[in-house]
Structure formats: C-alpha cells, structure tokens
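Listed here are the chains, written in short residue letters.
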2 protein chains.
Amino acid sequence: MKQTTKMRGKQSVEFANPPYILGRSSVAGTKEGEGPLGTYFDYIEEDPYFGADTWEEAESNLQKKAAQLALQNSGYKPEEIRYLVAGDLLGQLIATSFGLMELKIPFFGVYGACSTMGESLSLAAMLVDGGFADHVMALTSSHFCGAEKQFRFPLQYGNQRPLAATWTVTGSGAVILGRKPEKKQAAKDSSKEKSWQSGKCNCDPFVLIKGVTTGKIVDFGVKDSMNMGACMAPAAADVIYHNLRDFNRQPDYYDRIVTGDLGYVGQNILFDILNEKGYHIEKQHMDCGIEIYCDEMQDTHSGGSGCGCSAITLTGYILEKMHRREWNRILFVPTGALLSPVSFNEGDSVPGIAHAVILETEEECE
Amino acid sequence: MKQTTKMRGKQSVEFANPPYILGRSSVAGTKEGEGPLGTYFDYIEEDPYFGADTWEEAESNLQKKAAQLALQNSGYKPEEIRYLVAGDLLGQLIATSFGLMELKIPFFGVYGACSTMGESLSLAAMLVDGGFADHVMALTSSHFCGAEKQFRFPLQYGNQRPLAATWTVTGSGAVILGRKPEKKQAAKDSSKEKSWQSGKCNCDPFVLIKGVTTGKIVDFGVKDSMNMGACMAPAAADVIYHNLRDFNRQPDYYDRIVTGDLGYVGQNILFDILNEKGYHIEKQHMDCGIEIYCDEMQDTHSGGSGCGCSAITLTGYILEKMHRREWNRILFVPTGALLSPVSFNEGDSVPGIAHAVILETEEECE
C-alpha cells in the first residue's frame, strides 16, 4: 500500500503540521476534587445535580461548563471554533447533544466509551492538520450517577461493589486545538500563568499533538462488567504495541505512557501482555483511574473510570505537568469498554478499544 | 479567521484531492426489498433475525454482510482498509462494535442518529483527502425491530402508529473511499458492469466526494418522537442553506438534493424554511424516506427512517443512477433526530442534525 509521509506503519499517523493545544479545561465533581489531583482542576462543582433536575441534564451542564472554560482559557469565541468533536457514555450521546447545542458549532458526535477523549482528540487533530479547520474543540464527560443508572444499578438500591469495580468519574474535560498561533499571546490559556509561577522553567511551552495511533476493537471474551480493567487491557496493550512498532520507539521515548481507566486489575494484565511482546512499560506507565482517587481514603476499589476520568486527568494534571516541562513526551491512551446494558443483559462479552495520542512540548522556547 | 483553500464559508470544506468511491454495498430486509427500490439492493435477507437470536445481533450480522460485500465489490481486503468510520442507532453502538470487530480495522465510532451516513462519509473523506489513509470504510445500519425496542414500544404490544410516524428501515450500507486508483480496473466495483449494461453511457464513471457541509444541532423544541420529520427538517434546512451559501450556488447546481428521512411531513417544513430564506429546492428535492417504501401498498405512513434508510438509498439507488450518468451532481443530506428513550421520557425536546455530502461523477471519461 502506497503511503503518504503522514502514515506510519499499520495504524499510526505522524502529523505534518502538528496541531497546538490552545485551550483546555477540567470540571470535576466533589469526590474528584477531594482526590489526589483535586488542586489541579479548574472548577469543582459541589452540587452533584449541577443545578439540574436529572442526572442526564447534570452531565449536560457539566459539559457546558467545560466548553465555556476552555473557550475562555483559549480566548476564542464559539463562532471561531469550526468543529466540535464530542461524545459521552449515555445512550445516543444525550449529555453532549443537549449540553453543547447552544454553542452552534458544526458537530461530529463520537462514541468510544471511556476512550472517547482519545478518539475526539485524534479526529480533532486530523481536522486541523488536514487543513479542514483552524480551531477544533474536543470534549467528553461522564457522571457517576448517570453512568450507574445507565449501566449498573439504581443508586437507591445500594448494591455492593466488587473489588475489581471502578468508580465512574464525574467530570468533563475540553481541549481546543489549532494551528500554531501567529502571536503566542493569542492563546490566553490561563494555565500559562501557573507555569510561569512554578519557577521550573521560565518559558511557557505549548503542547502539540505529534501523532496518533488508532485502536481496533479487541475482545478477549471477558463478560464481567464489574471488571472493566480486564476487558480493556488487551485493547490498550494492542494500541501501545502498535504505537511503539509504527514509530520504531522504545517505551523510554515517553516520559509517561498514560492509560485511561484500567485500574489496578487492568494494569497488571497490560504489563503481562506487553511483556510477552517484549515491551516493558512498568517504569513509564501511569493510569488515570489509579491516580484520580485514593482508594484507601475514598473507597473506590480498582480506581476511576468513565470518559471524564482520562479527560480531566489530561486537561487538569498531565497538560499542567507538560506546561511546567516536568514531562515533555506523553503517550495518552484512553481506554474504553464497549458495553451496553442491552448487550450485557443478553450475555455478550465486553470488547475493549483504546486510542493513543502523542503529546509533546514545543522543543524550543521562543 | 485565516482559512486554507479547503475551507469554504462558515461550515463547508472543498477537497483538494476529492476522494473516490471505490466500493459500495446495500443490504436490506424483505420489506425494503418489496419496496420501489427493491431491485437496486445488492442483497435482500428474508430472515429478519439474520440468523441471530436477538435483534441487536441481527443488526450486527446485517452490518457484517454489508462490510463483506463492499470489500468484495471494491476488491480490497480488510487489512487494506486503514480506518472504519461507523455507527448505528443503538445505545453505545453495539450493533457496530459486535458486528465489525472481526474485521480488525482501526475504528472510529460515530453517532449522528439517522444522519450517521453523512457523518461517517464526511469524516472518511477528510481522512483520505488529509493524507491519513489510502482507503477508509464508512458504514451504518438500522433494524426496524431493534429500533422499535430501543425507542418506541415492544413489538408484541402492537401499538397504533400515527400518520406522522416513520418506519425504521432494516438495512445497512457501506462505502469504501480512497484516492484516485492508478488503474481503473483496480476498483472492481460490481456496479460498473451494471452501468455498462444500462447503455446510457459507455464509460463507467467514478463518483467523487467533492466537499462536505457539517451540520449543527438545531432544536425547534418539537417533543413528538412520532413526528421526527418535524424535528429534523430545521437542521436539514440549515445545512442545505449553508451549503448553498458557502459554495455560492443555486439549488439547480445539483441534479438532486437528497435528504435522509424527513418523510412527507418534514419535506413540507423543509420547503417552508428554505423558501423563507430565498431558496427553492422543490424541483431538486428527493427524500430517501419517501422513496424507499410505497405508503399505499406498505402502510408505512410518513416514510422510512433510520440510519439504514439514507445509507442503502445512497449505496443501492443514488450511486447507481450516478454510475449511469443519469445524475451527475448530488447533495446527499442524511438527517438525524437526537433522541434517546431517556431524554424522551424525561420530557425533553428532540433536536435534529444533518450533514451534507457533495457527490459528483468524474467530469471526463478516461
């Protein structure tokens, strides 16, 4: 197959004009605010209903807030954003359609379960690099109560949670991508100020998306919706393996290889599969689901999950570390369990998918 | 806002290297097979369960068949397809994830309700034009029984259907896009033979995607899920209006302007809105939902609907007419109602979305 210079190996792309992250936001619930990453989030809402009457509308309001903050941080208006690439966990993406319609931005709805931030960032980056847009917003969310209602049990039922279960993050993260700004100050990302204050570097580097590796659906036949780490780990291993192969890299090229929500159970499976393939990522690996809560204090068992988990860990924590130049190269790999209440009740397995996004800081401080 | 040569107006793109349609397939159920377009479909399955035990699995099998036929018609193998952009109406896209995972193609799951074929074709075309892929498959489906179960009433209940209601099409359509083939015979689309036989033109032109106009979510506050034409018509009018504006065209540029599933009720609303804006598309307009069934004979009321409706009308009927050069310029506008059983039961409105795809035959016969 004849390939352009952008295609790498079997399933990766290296951008000719890597898109810049020009704005970002992280909106979280109280439980996430009380967790280890709490101080990194832009906004923590104390009302679990976010001022709404239903959990679905609450999640819509969560998205609305994240979109507003990202716009505010970037200095762009909604009409300057050419596409919105977004989705959520709810059937027919209702949190997104009702949450973001007021923005009146041409909209691509995407569904990748908890890998959605990886999918939306990948497509958004392609839209910018391909010359189809100046600015694109990628956004996703999840809400604990909406997800429990949709996928598990009514909250009122108070069911016991096995130790392999994860806790759906209430949160929404948004990123605005665009071409290299002509003037740096054009991007008024408030995070810049923070990085100036940190004192570790007196530049405030932009973060670029250098490439992506798009995942396939991988099904190892696991049927336990309370053990989603096991369902998703094979997909994460597959996409990390192909990223390293396609770019001919070793894991230590990256400061961190960050999976979405494998949790403690899934992490071990990920290591086992990659070890068998000859890759050892133990030193670089970090899982958003493990970072976002403190199990001992917060009783969250195997960790956090949901589209919002990797989204706010990225927009709140990871990008902040990169703006401070503590990390310069990140492989961001949100992971999704392709499960529906219907397929689960019909006895189907839970296939997984994961999408990898290569994030790097600008090499030179201008 | 600085724009590349690809961007047109506020929400359109004109491709620098328009992607070619290299393969296509249409798989339908018996009711669709008995309708006015029946003879155009590649394959009609008599078993509504498509050999499965559940309606969801039936829809997965429908998609599998459509993907296989499109591959067969194009002459490509699954491993030559770099991305799969697909989705369906079911919560968490389970028809797609279970139907297509065996293909092992990097996967972007999309949700645009019944506008999904427009969304998947738009993104697939951008992936090819942007240099990210040689070949991409865009696919979608719907199944009457799965959709009734998901959105309306159990079939066994035998509810009465109001005259504004549409009938969800059981069908799946797939398109394989790619760059201009070096040798024409490389694309072994079986439809070529048909066009030779038609005798109207002794070339067998390829159909290209020249551009796209991406829709916004439009909500006129209609709450009746049994009158989806009214919910979607404003979104269709908006995207058609922007397409004509962005490209500075009059409706007669197109041989047909084809909406997805507005039905008889939605069609009138579409005309009214566009007339108010000074555009008259009555002569060019065609609606897949109106074409696919014969209401008098088939008791389908306002027409067909579902992702499969516009998908198989495109892949079976419209592209065949284009290969025969009976039509050379088509604006294909699948329309979606962003409705979920949860949002409907919570009393929310039904917002609409529509995506426009410009299809043109090769200008010169080589």
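Going by the structure above, here's the rest.
These numbers were taken from a predicted model, which means no experiment stands behind them.

Enquirer: Explain the interface of chain A and chain B to me, please; I cannot follow it from the model alone.
Expert: How big an interface is tends to be stated in terms of accessible area lost as the parts join. The interface is formed by 70 residues belonging to chain A together with 70 residues belonging to chain B. Between chain A and chain B lies a buried interface of about 5,400 Å² when both sides are counted; carbon and sulfur atoms form 64% of it. The three residues of chain A that bury the most area against chain B are A:Arg82, A:Gln92 and A:Phe132, which together make up 15% of that side's buried surface. Applying the counting rule to chain A against chain B returns two salt bridges.

Enquirer: I tried to follow the pattern of salt bridges on my own but got confused; where do I start?
Expert: Close approach of charged atoms allows side chains with opposite charge to pair. Residue and element names in this part refer to chain A. Following the criterion strictly, the structure yields 28 salt bridges over all chains and no others. Ionic pairing is found between Asp-134 and Arg-179, a salt bridge with its closest N-O pair at 3.0 Å. Of the two residues, Asp-134 is situated in the loop between α4 (116–129) and β7 (135–142) and Arg-179 in the loop between β9 (171–178) and α6 (191–198); the sequence distance between them amounts to 45 residues. According to the relative accessible area criterion, Arg-179 is partly exposed, its value standing at 27%. Its salt-bridge partner being Arg-161, residue Glu-148 comes within 3.5 Å of it at the nearest N-O pair. Remark: Arg-161 occurs in the loop between α5 (144–151) and β8 (167–168) and Glu-148 occurs in helix α5; sequence separation between them is 13 residues. Here the two residues Glu-148 and Arg-161 agree in accessibility, since each one is buried. Within this structure, Arg-24, Glu-320, Lys-321, Arg-324 and Glu-326 form a network of salt bridges that share partners.

Enquirer: Can you help me understand the packing of helix α4 (residues 116–129) of chain B against helix α11 (residues 307–323) of chain B in this one?
Expert: The description of two helices packed together rests on the angle between their axes and the distance between the axes. Residues and elements named next belong to chain B. For the pair α4 and α11, interaxial distance at closest approach is 8 Å and the crossing angle is 60°. Taken together, the axes of α4 and α11 lie oblique to each other. For the pair α4 and α11, the contacting residues are Thr-116, Met-117 and Leu-121 in the first and Cys-307, Ser-310, Ala-311 and Leu-314 in the second. Grouping the constituent residues of the contact of α4 with α11 by class yields five nonpolar, two polar and no charged.

Enquirer: What exactly am I supposed to notice about the packing of helix α7 (residues 228–246) of chain A against helix α8 (residues 263–276) of chain A here?
Expert: All names here are of chain A. At a minimum axis distance of 8 Å, the contact between α7 and α8 shows a crossing angle of 40°. Comparing their axes, α8 and α7 come out oblique. Both α7 and α8 take part in a crossing whose hand is right-handed. Where α7 approaches α8, its residues Gly-229, Ala-230, Ala-233, Pro-234, Ala-236, Ala-237, Ile-240 and Tyr-241 are matched on the opposing element by Gly-266, Ile-269, Leu-270, Ile-273 and Leu-274. For the contact of α7 with α8, the residue count by class is eleven nonpolar, two polar and no charged.

Enquirer: Can you walk me through the packing of aromatic side chains in this structure?
Expert: When we look at a pair of aromatic rings, we describe it by the centre distance and by the angle of the planes. Within the structure shown, the criterion is met by 20 aromatic pairs over all chains. Ring centres of A:Tyr253 and A:Tyr254 lie 5.1 Å apart, and the angle between their planes is 85°; this geometry places the pair in the edge-to-face category. Here A:Tyr253 and A:Tyr254 have matching classes, each one buried. Where B:Tyr20 meets B:Phe206, the ring centres are 5.6 Å apart and the plane angle is 75°; that geometry is what we call edge-to-face. One end of the pair, B:Tyr20, is in strand β3 (residues 20–28); the other, B:Phe206, is in the loop between α6 (191–198) and β10 (207–213), with 186 residues separating them in the sequence. Neither B:Tyr20 nor B:Phe206 differs from the other in exposure class; each is buried. Chaining the aromatic ring pairs together yields one cluster made of A:Tyr40, A:Tyr317 and A:Trp327. Taking NZ or CZ as reference, B:Lys65 lies 4.3 Å from the ring centre of B:Tyr43, over its face. The ring centre of B:Tyr253 lies 3.9 Å from the NZ or CZ of B:Arg329, which sits over that ring.

Enquirer: Hey, could you run me through α8(A) in this one?
Expert: The α-helix advances 3.6 residues per turn, and as a result positions three or four apart in sequence lie on the same side. All names here are of chain A. Under the 1.5 Å per step criterion, the end-to-end length of α8 is 20 Å for 14 residues, consistent within 8% with the ideal 20 Å. Among all positions of α8, only Gly-263, Gly-266, Gln-267, Leu-270, Phe-271, Ile-273 and Leu-274 are buried. Contacts made by the buried residues of α8 are with α7, β11 (256–259), β12 (285–287) and α9 (288–292). Just downstream of α8 lies Gly-278, where phi reads positive at about 90°.

Enquirer: Looking at this structure, how should I read the relation of the copies chain A and chain B?
Expert: Between the two copies of the chain lies a relationship made up of a rotation around an axis and a movement along it. It takes a turn of 180° to lay chain A on chain B, together with a shift of 0.0 Å along the axis; the resulting RMSD is 0.0 Å. Here the two chains are linked by the operation of a two-fold rotation axis. Most of the interface of chain A is mirrored in chain B, where 100% of its interface residues are also at the interface.

So, how was this worked out
- Residues numbered from 1 in each chain as written.
- Chains lettered and ligands numbered in written order.
- Predicted model: local features only at pLDDT ≥ 70, side-chain atom pairs only at ≥ 80, totals over all residues.
- Heavy atoms only, no water.
- Contact = heavy atoms within 4.5 Å.
- Buried area = accessible area lost by both parts, 1.4 Å probe.
- Salt bridge = Lys/Arg side-chain N within 4 Å of Asp/Glu carboxyl O.
- Helix = DSSP H or I, 4+ residues; strand = E, 2+ residues; numbered from the N terminus.
- Buried < 20%, exposed > 50% of the residue type's maximum accessible area, 1.4 Å probe, protein only.
- Axes fitted to C-alpha atoms, helices over the stretch in contact; angles between N-to-C directions.
- Parallel < 35°, antiparallel > 145°, perpendicular 65-115°, else oblique.
- Nonpolar A, V, L, I, M, F, W, Y, C, P; charged D, E, K, R; others polar.
- Left-handed = near helix turned anticlockwise from the far one by under 90°.
- Phe/Tyr/Trp six-rings, centres within 6.5 Å; stacked < 30°, edge-to-face > 60°.
- Lys NZ or Arg CZ within 6 Å of the ring centre and 35° of its normal.
- Expected span 1.5 Å × (residues − 1).
- Least-squares fit on C-alpha atoms with pLDDT ≥ 70 in both.

From the geometry alone we can't say anything about function, so treat these as descriptive.
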